[in-house]
Amino acid sequence: MSDPSSPLSVHDLTVAYQRQPVLWNIDYEAPAARLVAIVGPNGAGKSTLIKALLDLIPRATGEVQFFSQTYQQSRQRVAYVPQRTTVDWDFPVTAHDVVTMGLYGRLGWFRPVTRAAKRESLEALERVGLADFAKRQISQLSGGQQQRVFLARALVQQADLYLMDEPFAGVDAATERTIVGLLQGLRGEGKTALVVHHDLQTVNEYFDDVLLLNMRVIAAGPVATVFNAENLKRTYGGKLALLDQVGHQMVLAGRPQ
Amino acid sequence: MDPFLFLESLTLAETEWARVLLLRDYNTRIVLCGTMILGVASGVVGALMLLRKRALVADVASHAALPGIGAAYLIMEAIRPDSGRWLPGLLLGATVSASCGLLFAQGMRHIRRIKEDAALAITLSLFFGMGVVLLTWIQSLPTGHAAGLNEFIFGKAAALLASDITGIAIAAVIAVSVVALLRKEFCLLCFDAEYAHAGGWPVTGLDLLLTALVIVITVVGMQSVGLLLVVALMVLPPTAARFWTDRFDPLVWFSGGFGGAAAALGVLLSALVPKFAAGAVIVLSGTFLFALSFLFGSQRGLWWRYRAMSAAQRQIAIDDLLRACYEILEPQLGSIEELTEKPLTQAALLETHRWSPKRLRPLLHRAELADLLRRDSQGNWRLTADGRRAAIQAVRYHRLCELYLIHYADVPLLGADRTADAFEHSLRPEILEQLEAMLEAQSPRFSVPANPHAATETVARTPRPEAVS
Amino acid sequence: MNVFWSDWSAIDTWIVITAALAAMACALPGTFLLLRRESLMGDALSHATLPGMVLAFLVLNAATQAGWLTPAGMTAWRHPALFVGAAISGVLCGLLAELLQRWGRMEPSAALGVVFTSLFALGLLLIRTWADQAHIDPGCVLYGNLEMVIADPFGQSGIPRAVVINGAMLAVNATLLLLFYKEIKLCTFDRDLARSLGIPADRVHLMLLAMTGATVVAAFESVGSILVIAMLVAPPATALLLSDRLGGVLIGALIVAVVTAFGGHLAALALPVMLHRWAGAAEASSVSTAGMMAVVAGGLFLTTWFLSPRYGLLRQRLDQARLRRRILSEDILGVLYRLEELRPAAVPGADNASLAATLSVAPWRLWRALSRLTQRGWIVAGGQGVILTPEGRKAARDLVRSHRLWESYLAKHFVIPDRRLHTLAEAAEHFVGPKIQEALAEELEQPVRDPHGATIPPSTAS
């Protein structure tokens, strides 16, 4: 079967919204200690893939294993960085509080936040260059700083696999450099990151591997071999019309004619 | 009114005041105690509901509790006549039916066409209708005296008994300690439920627990302040507290404090003025606290924000004026010291900036008052020493921003000037420091960075947008 | 049932007419509140109108006492004054909530909650403190006065005043909707688009708010707040489950409103009698008509939720069951066809046990599917158990063709190991109709063999 050292192996994963499949039969084996870009056009199911991996949305079929275990068993080893727009930034917490949330899982039920945890999250904030902003309410941060707060929250989890949903969306150049630096640091520590990425120009520069996705896996592998014009054309060449039609039929079948 | 009569009434009332305020009255003590405990608990739970963006769920819960009260009454009467108003039984009935109501609303989420607000509204009307049907039926029964049941709709705060307080206190202690124990879990749930789910926290379970707390508080609160007013106690304190703090824990505890304060204020007022119904006065006290917070709250209070905004606008206007002065004089200057020596005409000022004469005059006046500008004997304006310093500062700031925009933000040069106007006043000091360091190499003419427009004059002239389009 | 009909009188007819008119008047703006996701506005408005009514009454009272109004004049002015007072505080509620949202950066529902609970408390306080003689009993505000509509006729006619008021409100609402139908529709659906087309979306919103407020106030006195709350949301929501078009939803909501009024009153009459007969309750008991109508409105919604021909729960379950049955039948055909293909020389067909094992399905389901296929004439008993008839073979060939075409399609576009293609196609084959089949064949350039090397059967259509 799968390589036991692989941080993530996906088998035959199909995800459907209202029974319309948005991801078809995904098979993927993530390499260890690599930075992987998930690349594909809008509506290709990139965010959906990440959410399905984390059991945030139900999967129609398929099997997902992290480090040869189920997600439940390996939760501590996986960190998730959601899209910045998914939360209410007016919420009354400081940047420091948000980062500390990454440690709640380790702290466990009922336990109050310890001083050690606070120190640890402050260190993570320092790593993303926001130590001076720890006491700020999160709406007073710029978009890039908010993204770095999210990143710091994932860092304190000290996971082995990082799943990031568009961390580079709408951030300034300084943040982008910080994130890239951190990602490379993580890889140096033998950790893996799967990053939903939009900017094709920087794939070569930032990432080792690429997963080309458009409702299905177009190609996956090292950037040097996979990230070529031919594969990109297949990825961005529009949806497969027939795939869509059959998906639509599946939706209709459950409905009155 | 005759002033003497008025004074007399005051002295007469004094004894009454003292009696109330010193809590000599047993009844007032009981009511005060009960409603304050309730206020604190509902404030704490309400804060979480507000942050979970479900402020009005309590409204639905309280309406949905009504049929349970009627049904419990009927069942208890059927089992043993005249036992229908046994309070624990009624409360149990209310709890069960409020839970059913909220589960029902939850179940409606599976219908894609019915959104959450509609689901809540339908639940509210259906259960409330059932409650009204049951209560009116009970009222019409020859044996039924529904007087005790109507209290659940309109409350009976003034008639709370010591035994009622026990129930309220138990519910409050449960609610507050659950929140205290699960403080970080609830914070995570309210802030980012999806992340909590990914982290393995039982989001649905936590939501259910929170809803259960709401139901418990609603049900015990209904009998003291009434069906609708308990909702107010869950909504008003947290919204008021939000204007005082930007942190989670203080918000929750402030909210509890506001709830307690509103209750205390309301009870004392209603004890002072005999006709004031306690429940309504408690809520209005809450409203008063809310209004106070809305206007003067330290974090988002309207007054402070208005003050800050108008102060900022004044500063911006003065900066713009000084910059205009500098820019008019700049071509004539041999050295920066000469700034104070050259005269400025009002006409020249009107020309450089798009001020109307009506706006410019008070602005000049204000600058004069601040000792930044002065009028010479010919009626022309001159910068003072202070004015010179401020003008240099403003120009330096402005040009730094312009350079920043040109170099780093991909803003085209012709638009830079206008954008910088709006931008410089909201630039953070730390960024500014970086900029100054980065742009030191630009070899400033005096102590301000050179005008970027002058440096790239030829480039700027050719691609005029109107010429292109 | 005879008991109720024999007791039915003109009073009952007027009650139903009043309630129906009020319900219809509410259903129209209610539809838009529902679509704008502001359904709780009804609850808020109906509470928020209380202080306005009490204040209006107090003003009238003061005017009478000061001698500016005769007692007769006061009676004449009472209703218009209450209406105006209520309308003012209703609109105030909407505006204040908006203001809190804008200036206090508050969430809409929280802002609404702050405003309407405060206003309601103010109203209660005013009643308890100064308006003891106001005859505005909070209970009456809640339950309405439906039973007494006949006692308050309009002028000299025998028509109850409430009928005239609610009828007029219905007419006003209907006229406004007809006049501004497309503007309101667009603003509800896409505010930004409306604005970009030059439609003043804010003003349209304000108009809807005023419409709702006026309707609530008009309906309030006669039918009570409980019914208003119910009628603003339940009939439109019910209609929304039945129709896909805005016009349909509006008309459906009107019909549901009428049915609710009638059914509610009938139930209010019937329930005490039934309780008397079957539960031995006292004969003279009665229940609130308005409350009963709210219950019926909720009940109708629930019934529709379960039974709606389009989106009902029952329909969904039935469709799913039918789909499962179809898939099983098709799978049986597929198995039989492949057996024939695999062993052309052997005794054709398969017995129940092996079929059940292959398809991993419960024996009773299999038996039902087999009997259905037999009835259709696609299989007959024979060979080892059942065999395909010529028609059945044709259907089966079609299915296998879909399956193998899909496998080829997947193999072309996906990176999938061959051995797994089969299971994937198994799921999709049931949904490949003749059109898609043709398109597949075309895109794959009329293949003859699938990735495993099996022959793709020719199209049955040709």
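Residues numbered from 1 in each chain as written. Chains lettered and ligands numbered in written order. Predicted model: local features only at pLDDT ≥ 70, side-chain atom pairs only at ≥ 80, totals over all residues. Heavy atoms only, no water.

Thoughts on the interface of chain B and chain A
Thought 1: Between chain B and chain A, the residue contacts involve 30 residues of the former and 39 residues of the latter.
Thought 2: At the boundary of chain B with chain A, total buried surface from both sides reaches about 3000 Å², with 59% on carbon and sulfur atoms.
Thought 3: Looking only at chain B, the three residues that lose the most surface to chain A are K184, F191 and Y195 of chain B, adding up to 26% of its buried area.
Thought 4: Linking chain B with chain A are 5 salt bridges.
Thought 5: In this structure, the salt-bridge partner of E194 of chain B is K51 of chain A, at a minimum N-O distance of 3.6 Å. (Contact = heavy atoms within 4.5 Å. Buried area = accessible area lost by both parts, 1.4 Å probe. Salt bridge = Lys/Arg side-chain N within 4 Å of Asp/Glu carboxyl O.)

Some remarks on the interface of chain C and chain B
Thought 1: Facing the 62 residues of chain C at the interface are 55 residues of chain B.
Thought 2: For the pairing of chain C and chain B, the buried interface totals around 5100 Å² over both sides, and the portion due to carbon and sulfur atoms is 77%.
Thought 3: In this assembly, chain C and chain B are joined by 1 salt bridge.
Thought 4: Applying the counting rule to chain C against chain B returns 8 residue pairs in polar contact (both at pLDDT 80 or more).
Thought 5: Sort the elements by how many residues they give to the side of chain C that touches chain B and helix α5 (residues 108-130) of chain C lands first, with 14 residues.
Thought 6: For the side of chain C that touches chain B, the class distribution of residues is 38 nonpolar, 16 polar and 8 charged. (Polar contact = N/O pair within 3.5 Å; in protein donor to acceptor, adjacent residues only side chain to side chain. Helix = DSSP H or I, 4+ residues; strand = E, 2+ residues; numbered from the N terminus. Nonpolar A, V, L, I, M, F, W, Y, C, P; charged D, E, K, R; others polar.)

So, the domain arrangement of chain C
Interface size is commonly expressed as the accessible area that is lost once the parts come together.
Thought 1: For chain C, the assigned domains read domain 1 (2-311) and domain 2 (318-443).
Thought 2: For domain 1 of chain C and domain 2 of chain C, the distance between their C-alpha centroids amounts to 58 Å. (Domains from an automatic or database assignment.)

Concerning the environment of S9 of chain C
Thought 1: The residue S9 of chain C is located in the loop between α1 (2-7) and α2 (10-35) in this model.
Thought 2: As for S9 of chain C and T289 of chain C, which are separated by 280 residues in sequence, their C-alpha atoms are 15 Å apart.

Description of the side chain of Q147 of chain A
Thought 1: Take Q147 of chain A: it is sitting in helix α6 (residues 143-156).
Thought 2: Setting aside chain neighbours within four positions, we find Q147 of chain A in contact with V81, P82, R84, E166, P167, V171 and I179 of chain A.

Details of a nonpolar patch on the surface
All names here are of chain B.
Thought 1: On the surface, L265, L269, F288, L292, L295, F296, W303, W304 and Y306 cluster together to form a nonpolar patch covering roughly 850 Å² of accessible area.
Thought 2: Elements with a minimum of two residues in the nonpolar patch: α13 (248-272), α14 (278-296) and α15 (302-329).
Thought 3: If you tally residues by element for the nonpolar patch, the top one is α14, at 4 residues.
Thought 4: Tracing the chain through its elements places F288 in helix α14.
Thought 5: Overall, F288 belongs to the partly exposed group, its relative accessible area being 46%. (Patch = residues over 30% accessible without salt bridge, like charges linked within 9 Å, V, L, I, M, F, W, Y side chains within 5 Å. Areas by Shrake-Rupley, 256 points an atom, 1.4 Å probe, with all protein chains shown as cover. Buried < 20%, exposed > 50% of the residue type's maximum accessible area, 1.4 Å probe, protein only.)

Observations regarding the environment of I332 of chain C
All names here are of chain C.
Thought 1: Residue position: I332 is located in helix α13 (residues 313-342).
Thought 2: Take I332: its relative accessible area is 0%, and that puts it in the buried class.
Thought 3: Measuring from C-alpha to C-alpha, the distance between I332 and L373 comes to 9.1 Å, with 41 residues separating the pair along the chain.
Thought 4: Discounting residues that sit within four places of it in the chain, I332 has contacts with L355, L359, L366, A369, L370 and L373.

Some words on helix α1 (residues 46-53) of chain A
Side chains three or four residues apart in an α-helix point the same way, a direct result of the helix having 3.6 residues per turn.
Thought 1: Of all 8 residues making up α1 of chain A, 8 are buried, and the element is well covered by its neighbours.
Thought 2: Three or more residues of α1 of chain A are buried, namely K46, S47, T48, L49, I50, K51, A52 and L53 of chain A.

Side note on unusual backbone geometry
All names here are of chain A.
Thought 1: With a phi close to 45°, N25 is a non-glycine residue in the positive phi region.
Thought 2: As for its position among the elements, N25 is in strand β2 (residues 20-30).
Thought 3: Positive phi, normally seen in glycine, also occurs at A33, with a value near 55°.
Thought 4: Note that A33 resides in the loop between β2 and β3 (35-39).

So, the pattern of salt bridges
Thought 1: If you walk through the whole model with that rule in mind, you get 35 salt bridges over all chains.
Thought 2: Between D90 of chain A and R105 of chain C there is a salt bridge, with its nearest N and O atoms 3.8 Å apart. Of this pair, D90 of chain A sits in the loop between β5 (78-81) and α3 (95-101) while R105 of chain C is found in the loop between α4 (71-104) and α5, placing the two residues in two different chains.
Thought 3: Judged by relative accessible area, which is 43%, R105 of chain C ranks as partly exposed.
Thought 4: In the salt-bridge network here, residues are joined through shared partners; they are R52, R54, E116 and D207 of chain B.

Some details on helix α3 (residues 57-64) of chain B
Thought 1: Burial analysis of α3 of chain B places 8 of its 8 residues in the buried class, which makes it a mostly covered element.
Thought 2: Every buried residue of α3 of chain B is listed here: V57, A58, D59, V60, A61, S62, H63 and A64 of chain B.

Side note on the nonpolar core
Thought 1: Formed by 301 residues in total, the largest nonpolar core has its most connected members in F66 of chain A together with I114 of chain B.
Thought 2: For this core, the element with the most residues is helix α10 (residues 201-240) of chain C, which contributes 24 residues.
Thought 3: In this structure I114 of chain B touches M108 and A119 of chain B together with A237, L240, L241 and F301 of chain C, once residues within four positions along its chain are discounted.
Thought 4: By size, the runner-up hydrophobic cluster in this structure holds 26 residues, among which are C325, L333, L349 and L383 of chain B. (Core = buried A, V, L, I, M, F, W, Y, C linked by side-chain atoms within 4.5 Å.)

So, the packing of aromatic side chains
Thought 1: This model, assessed by the stated rule, comprises 19 aromatic pairs over all chains.
Thought 2: Taking 5.4 Å as the distance between ring centres and 90° as the angle between the ring planes, the aromatic pair formed by F243 of chain B and F294 of chain B counts as edge-to-face. Linking F243 of chain B in the loop between α12 (227-241) and α13 with F294 of chain B in helix α14, this pair joins segments that are 51 residues apart in sequence. The same class applies to F243 of chain B as to F294 of chain B, namely buried.
Thought 3: Feature note: the residues W89, F91 and F150 of chain A together with F191 and F248 of chain B constitute an aromatic cluster, connected by ring pairs.
Thought 4: Geometry around F67 of chain A places R77 of chain A over its ring, the cationic atom sitting 3.8 Å from the centre.
Thought 5: Directly above the ring of F150 of chain A sits R153 of chain A, whose terminal nitrogen or CZ lies 4.5 Å from the centroid. (Phe/Tyr/Trp six-rings, centres within 6.5 Å; stacked < 30°, edge-to-face > 60°. Lys NZ or Arg CZ within 6 Å of the ring centre and 35° of its normal.)

Side note on a positive patch on the surface
Residue and element names in this part refer to chain A.
Thought 1: A contiguous patch of positive charge, built from R115, K118, R119 and K135, is present on the exposed surface.
Thought 2: Within the secondary structure, R115 sits in helix α5 (residues 115-127).
Thought 3: With a relative accessible area of 71%, R115 lands in the exposed category. (Lys, Arg positive; Asp, Glu negative; His and termini not counted. Charge placed at Lys NZ, Arg CZ, Asp CG, Glu CD.)

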